Each structure stands twice: as structure tokens, then as C-alpha cells.
Amino acid sequence: MLDTDVVVAALRSPSGASAALLRSIRQGRADLLLSPALLLEYEAICRLPEHHGAAGLTLQEVDAFLDVLVKLSEPVATYFRWRPQLSDPGDELVLEAAVNGRAAALVTFNHRDYRLIPARFGIELLYPGQALRRLAT
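From a predicted model like this one, the values you see are computed outputs, not experimental measurements.

**Q** What is the right way to look at the packing of helix α3 (residues 36-46) against helix α5 (residues 59-72) in this model?
**A** Each packed pair of helices is defined by two parameters, the angle between the axes and the distance between the axes. In the contact formed by α3 and α5, the axes pass within 10 Å of each other and the chain directions differ by 155 degrees. As the angle between them shows, α3 and α5 are arranged roughly antiparallel. Helix-helix and strand crossings are classified by hand; for α3 and α5 the assignment is right-handed. The residues of α5 that touch α3, namely those facing Leu39, Tyr42, Glu43 and Cys46, are Val62, Asp63, Phe65, Leu66, Leu69 and Val70. Here the residues of the contact of α3 with α5 are counted per class, giving eight nonpolar, no polar and two charged.

Listed below in C-alpha cells is the structure:
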């Protein structure tokens, strides 16, 4: 389960840990859970000029990137809404997909906003580099 900031980091920095994590998902070494609401959040954030412009991508290339995310992902239906748990509605979508998808881990740079909430649901909170190291073992 990837937070929005990890997806944006992968979009902006193809050589970073977030992009490496997406490559691991593509290789079948990890799973990406994605609800329709979370996909819409990813789309809205990735299409912001500050992100696609910084990545040097056109909106069509951003759409292609998002299409790949969809193809790599396992769809998650939202059976239960767990809101409110967090202060950011975008983070709520990530947590909700993780809980409904029974994720083992939620990968994000944003540990401050999640704090101990994922642990209440049995979900580990990891940075992208930590997730990569786990996949390597």
C-alpha cells in the first residue's frame, strides 16, 4: 500500500526508492492495493503542474503512468469506512484502502501524520527504503 507522496516521488524521481518500490511491484515482489477513491486522489495530485512539470511529463504521460499503476494494482473494495482517523482526507483514503485490502504495510514518507493509527489495524508503517530492504531479504 503506497501513500500519495510515494507515488508522486516515483513520478518525479525515477531513480529514487519510491520508483524502485514500483519496479518491485511490477516484478511481483510486492502488491499495490488501490481503491477507486485512492486512484482519483493519485490522479488529482499527479496532474498538478508542480508535480508533472517537475517530472518533465505531459498530462498524457501522467495518464500513462497512472494507467500502469492501475495495471499493477489489486483492486480494493471499500466495505468499511474508518474515517475519521487522520487529519488529512487524502491520508484517510490511503488508510481506508490499506485496511479494507488487509495490507501488511503502508509505505509513506509521511509518518508524522499517520503516527500509530495503522498499527491499530495491524498495519506496519514503513518508509520506502525500509520496504525495499524488507523485499531484499
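More follows now that the structure is in view.
**Q** Looking at this structure, how should I read the side chain of Asn110?
**A** Positionally, Asn110 belongs in the loop between β3 (105-107) and α7 (111-114). Judged by relative accessible area, which is 16%, Asn110 ranks as buried. A polar atom in the side chain of Asn110 sits 3.2 Å from the side chain of Asp113. Beyond its immediate sequence surroundings of up to four residues, Asn110 is in contact with Asp3, Asp5 and Asp91.

About the thresholds
- Residues numbered from 1 in each chain as written.
- Predicted model: local features only at pLDDT ≥ 70, side-chain atom pairs only at ≥ 80, totals over all residues.
- Heavy atoms only, no water.
- Axes fitted to C-alpha atoms, helices over the stretch in contact; angles between N-to-C directions.
- Helix = DSSP H or I, 4+ residues; strand = E, 2+ residues; numbered from the N terminus.
- Parallel < 35°, antiparallel > 145°, perpendicular 65-115°, else oblique.
- Left-handed = near helix turned anticlockwise from the far one by under 90°.
- Contact = heavy atoms within 4.5 Å.
- Nonpolar A, V, L, I, M, F, W, Y, C, P; charged D, E, K, R; others polar.
- Buried < 20%, exposed > 50% of the residue type's maximum accessible area, 1.4 Å probe, protein only.
- Polar contact = N/O pair within 3.5 Å; in protein donor to acceptor, adjacent residues only side chain to side chain.

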